[in-house]
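# Structure assessment
Next come the chains, spelled out residue by residue.
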Amino acid sequence: MAYQTLIVEIEDYVALIRLNRPEALNALNSALLAELGDALKAADANEKVRCIVITGSEKAFAAGADIKEMSDKSFVEMYTQSFFSAETETILATRKPIIAAVAGYALGGGCELAMMCDFIIAGDNAKFGQPEINLGVIAGMGGTQRLTRFVGKSKSMDMHLTGRFMDAAEAERSGLVSRVVPAAKLVQEAMAAAQKIAAKSQVSVMAAKEAVNVAYETTLAEGVRFERRTFYALFATEDQKEGMAAFLEKREPQFRDK
Ligand code: CAA
């Protein structure tokens, strides 16, 4: 499918989704968010896709929600149209893993989009921020909640109240990103990580994603119970038998997603 604001390629079981509004530093307007939702649904349904990478350009992952599109809106319009709501639900409902490959600016909704992905690999030129305070508003796609869970209250407050940016080194130190790589190699590194995931048993990948996400939703005791049940359940799969047999026979496993 041809998109106006995205470039989508599928290579070795990985869907690479590039946000592509260079004239606005990939600002997230309604058209882009709708296309991103469609692309994620298509990737989730496509058996040639086992992992997804979302990236931007070397200058900007995304500089936030589109300020031009929002500036004249009233409370009633934002509220009745549930601005951003359906699109964020689609991102969060994606069952296959999503890696955010972030170079350059990931600000406001751009930082929030990256945090809705399953993990973030940053280029060494990445800059994260929640600068909505400078516009007389606050984050609206989960930033106050997710950034606080990633980096703790003090740093999250600092980011949301001052609007300052965090560089890649600080983001890695604070637990916001899983690793930092040279910006010029970002997509290559993210694709390599995605291909590694794509080679695993898809059922255990989905189960791992679901179990880690439960950690954000429930108590420790409930989460551990959920994990244990899921772990036991995986013994009903052929991939568990294959994975453990391959280890014992000192060979690579041949997973069949069964
Ligand atoms: N919305 C719409 N257009 C944007 C944009 C945004 N969020 N960010 C950048 N652009 C546009 C600029 O208007 C400019 O367009 P024109 O050439 O037509 O003027 C173009 O992208 C290039 O931007 P700059 O000239 O500003 O580039 P720069 O290199 O000087 O600065 C920047 C880069 C620091 C990222 C700066 O563009 C900036 O501060 N952008 C806004 C960041 C921001 O406030 N994001 C939060 C948005 S609100 C939000 O996201 C709410 C939410 O939580 C959901």
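Below or above, wherever it landed, is the structure these notes cover. The structure displayed is predicted, hence computed values, not measured ones. (Residues numbered from 1 in each chain as written. Predicted model: local features only at pLDDT ≥ 70, side-chain atom pairs only at ≥ 80, totals over all residues. Heavy atoms only, no water.)

## Some details on the site of the ligand
Using the following cut-off: Residues are classed as near a molecule or strand on a simple rule: at least one heavy atom within 4 Å of it. Pairs of N or O atoms within 3.5 Å make up the polar contacts considered here, provided that, within protein, one atom can donate a hydrogen while the other can accept it, and that residues adjacent in sequence are counted only when both atoms are side-chain atoms. In this text, helices come from DSSP runs of H or I with a minimum length of four residues, and strands from runs of E with a minimum of two, each type numbered from the N-terminal end.
Taken together, 24 residues form the shell around the ligand, and within it A65, I67, G109, E112 and E132 come nearest. Interatomic distance of 3.0 Å between a side-chain N/O atom of K59 and an oxygen atom of the ligand. One of the backbone nitrogen or oxygen atoms of I67 is found 2.9 Å away from a nitrogen atom of the ligand. Among the elements of the structure, α2 (67-70), β6 (105-107) and α5 (109-116) are those that each provide at least two residues to the shell around the ligand.

## With respect to a nonpolar patch on the surface
Selection rule: Surface patches are defined over residues having more than 30% relative accessible area and no salt bridge, joining like charges when they lie within 9 Å and nonpolar side chains (Val, Leu, Ile, Met, Phe, Trp, Tyr) when within 5 Å. Only the protein chains shown count as covering a residue, and every accessible area follows the Shrake-Rupley method with a 1.4 Å probe. Any carboxyl oxygen of Asp or Glu within 4 Å of a side-chain nitrogen of Lys or Arg constitutes a salt bridge here. Three exposure classes are used, based on accessible area relative to the maximum for each residue type with a 1.4 Å probe and protein chains only: buried under 20%, partly exposed in between, and exposed over 50%.
Together, I133, I138, M157 and L161 give the surface a local cluster of nonpolar side chains, amounting to about 400 Å² of exposed area. Look at I133 and you get partly exposed, because its relative accessible area is 36%.

## A look at the sheet that holds β6
The following threshold applies: Two strands qualify as a pair provided DSSP detects at least 2 bridges between them. In this description, a line fitted to the C-alpha atoms serves as the axis of each element, helices being fitted only across the stretch in contact, and the angle between N-to-C directions of two axes falls anywhere from 0 to 180 degrees.
Spatially, the four strands line up as an open sheet ordered β4-β6-β8-β9, and their pairing is mixed. A single partner strand is all that each edge strand has here, and the edge strands are β4 (60-62) and β9 (165-167). With strand direction ignored, the average angle separating the axes of adjacent strands in the sheet is 20 degrees. Relative to β9, strand β8 (residues 127-129) is paired through three bridges, and the arrangement is antiparallel.

## Things to note about the side chain of D239
Where we set the bar: In this tally, Lys and Arg are treated as positive and Asp and Glu as negative; His is ignored, and so are the chain termini. Two residues qualify as a contact provided that any one of their heavy atoms is within 4.5 Å of a heavy atom in the partner residue.
Relative to the helices and strands, D239 is located in helix α12 (residues 238-248). Among buried charged residues, D239 stands out as having no salt bridge; its nearest opposite-charge side chain is R50, 6.5 Å away. In this structure, D239 is in contact with S201, V203, F255, R256, D257 and K258, ignoring residues within four places of it in sequence.

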